[in-house]
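Coordinate inspection notes
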Amino acid sequence: MNRFNGKTVLVTGGNSGIGLAAAKAYAAEGARVVITGRDTATLEKAAAEIATDVVALRSDAASLHDAKHLAEVLNQKGIRLDAVFINAGIAKFAPFADVDEALWDQIFDINTKGAYFQIQALLPILNKGAAIVINGSINAHIGMPASSVYAASKAALISLAKTLSAELLPQGVRVNVVSPGPISTPIYGKLGLDETSLDATAKQIQAQVPLGRFGTPEELATTVLHMTALESAFIVGTEVIVDGGMSQL
């Protein structure tokens with residue numbers, strides 16, 4: 001399929017995991033792809049893997065300055081966007097009693113505040129009919145122990161998608177959320193857990209998935225592309241859950 005021929009899309013955090021899978025999927029369907037990330041080396045590696053018309057720009061999802069600068073650079077390059085996947089984020093788990101202000105600020109700055117102001121900065125360069133998908137999480141629904149801050153940051157994004165949908169519709173911009181369950185990505189190695197705890201957590205999570213496995217980044221990418229393609233033009237302000245039945249069965 002070539003649903004994105006002649007289209008330009010932005011994937012934040014497109015240098016690894018779900019973001020990279022989405023960027024590759026967009027490119028395979030004819031899109032010009034812009035990816036962002038904090039690490040220059042992984043950005044360059046990702047751009048080489050995409051191996052098509054790609055623009056790789058360093059941008060820190062927690063920085064309001066970087067959010068504005070990204071939009072300015074794209075505008076200077078004459079780039080207007082038809083689809084945006086707000087994917088950049090972090091997952092760090094800690095028991096409620098151990099959460100401090102620094103952890104709260106780190107997670108909310110990247111996952112919530114960063115997403116909010118990145119969308120705001122991009123508004124002037126969105127084409128009419130553009131679609132935005134925000135990466136949420138089923139943690140906003142299931143009350144998993146030690147996920148309180150992460151889950152709250154993702155719940156805020158689900159709410160944001162609804163309010164922005166109502167506010168941006170007059171500009172012809174749709175906003176939706178895709179909420180993954182457990183997906184096999186490098187983010188699991190960054191939860192702040194030691195190897196033993198990480199392995200135990202992974203097994204515990206997998207046991208709760210009716211399909212009996214973690215999802216793949218490519219499976220989630222398929223949903224992201226569907227939600228930003230013309231075929232989904234009647235889907236607005238909606239959360240699509242991709243979790244192997246974990247939160248549904």
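Description of the structure in this document. (Residues numbered from 1 in each chain as written. Predicted model: local features only at pLDDT ≥ 70, side-chain atom pairs only at ≥ 80, totals over all residues. Heavy atoms only, no water.)

**Comments concerning the overall build of the chain**
Note the threshold: Runs of E in the DSSP output that reach at least two residues are strands. Runs of H or I that reach at least four are helices, and both are numbered from the N terminus. When we talk radius of gyration, it's over C-alpha atoms, and the globule rule is simply 2.2 Å times the number of residues to the 0.38. With a 1.4 Å probe rolled over the protein chains alone, any residue whose accessible area is under 20% of its type maximum counts as buried; one over 50% counts as exposed, and the rest are partly exposed. We call two residues in contact when some of their heavy atoms are within 4.5 Å. Surface accessibility follows the Shrake-Rupley procedure with a 1.4 Å probe radius. Residue values consider only the protein chains on display as shielding. A positive count includes Lys and Arg, and a negative count includes Asp and Glu. His and the chain ends are not counted in either. By convention, charge coordinates are those of NZ in Lys, CZ in Arg, CG in Asp, or CD in Glu.
When you go through the chain residue by residue, the secondary structure sums to eight helices and seven strands. Taken over C-alpha atoms, the radius of gyration comes to 17 Å for the chain, in line with the 18 Å a tight globule of 249 residues would show. Principal axes of the C-alpha set define a box for the chain whose edges measure 50 × 40 × 35 Å. Counting all 249 residues of the chain, 49% fall into the buried class. When contacts within the chain are restricted to residue pairs at least 6 apart in sequence, long-range pairs at least 24 apart make up 71% of them. Carbon and sulfur atoms make up 54% of the accessible area of the chain, which totals about 11500 Å². Taken as two groups, the 19 positive and 23 negative side-chain charges of the chain have centres that lie 7 Å from each other.

**Brief notes about the nonpolar core**
We count it as follows: Here, nonpolar core refers to any group of buried Ala, Val, Leu, Ile, Met, Phe, Trp, Tyr and Cys residues whose side-chain atoms link them within 4.5 Å.
Grouped together as the largest cluster of nonpolar side chains are 30 residues, with contacts concentrated most on Leu74, Leu81, Val84, Leu122, Ile132 and Ile134. Those elements that provide at least two residues to this core are strand E3 (54-58), helix H3 (64-76), strand E4 (81-86), helix H4 (101-122), strand E5 (126-135), helix H6 (148-168) and strand E6 (174-180). No other element matches the six residues that H6 contributes to this core. When neighbours within four sequence positions are excluded, Ile132 is seen to be in contact with Val84, Ile86, Ile119, Leu126, Val173, Arg174, Val175 and Asn176.

**Section: the packing of aromatic side chains**
Note the following rule: Between 30 and 60 degrees the pair is tilted, below 30 it is stacked and above 60 it is edge-to-face, where a pair is any two Phe, Tyr or Trp rings, Trp via its six-membered ring, whose centres lie within 6.5 Å.
A complete count under the given rule lists four aromatic pairs for this structure. Geometrically, the ring pair formed by Phe4 and Tyr26 is edge-to-face, given 4.9 Å between the ring centres and 85 degrees between the ring planes. Here the residue Phe4 occupies a position in the segment before strand E1 (8-11), and Tyr26 occupies one in helix H1 (residues 17-28), the gap between them amounting to 22 residues. Taken individually, Phe4 and Tyr26 each receive the classification buried, so the pair is uniform in this respect. Pairing Phe93 with Tyr150 gives two aromatic rings, centres 5.7 Å apart and planes at 50 degrees, and the pair type is tilted. Of this pair, Phe93 sits in the loop between E4 and H4 while Tyr150 sits in helix H6, and the two are 57 residues apart along the sequence. The exposure class assigned to Tyr150 is buried, which follows from its relative accessible area of 9%.

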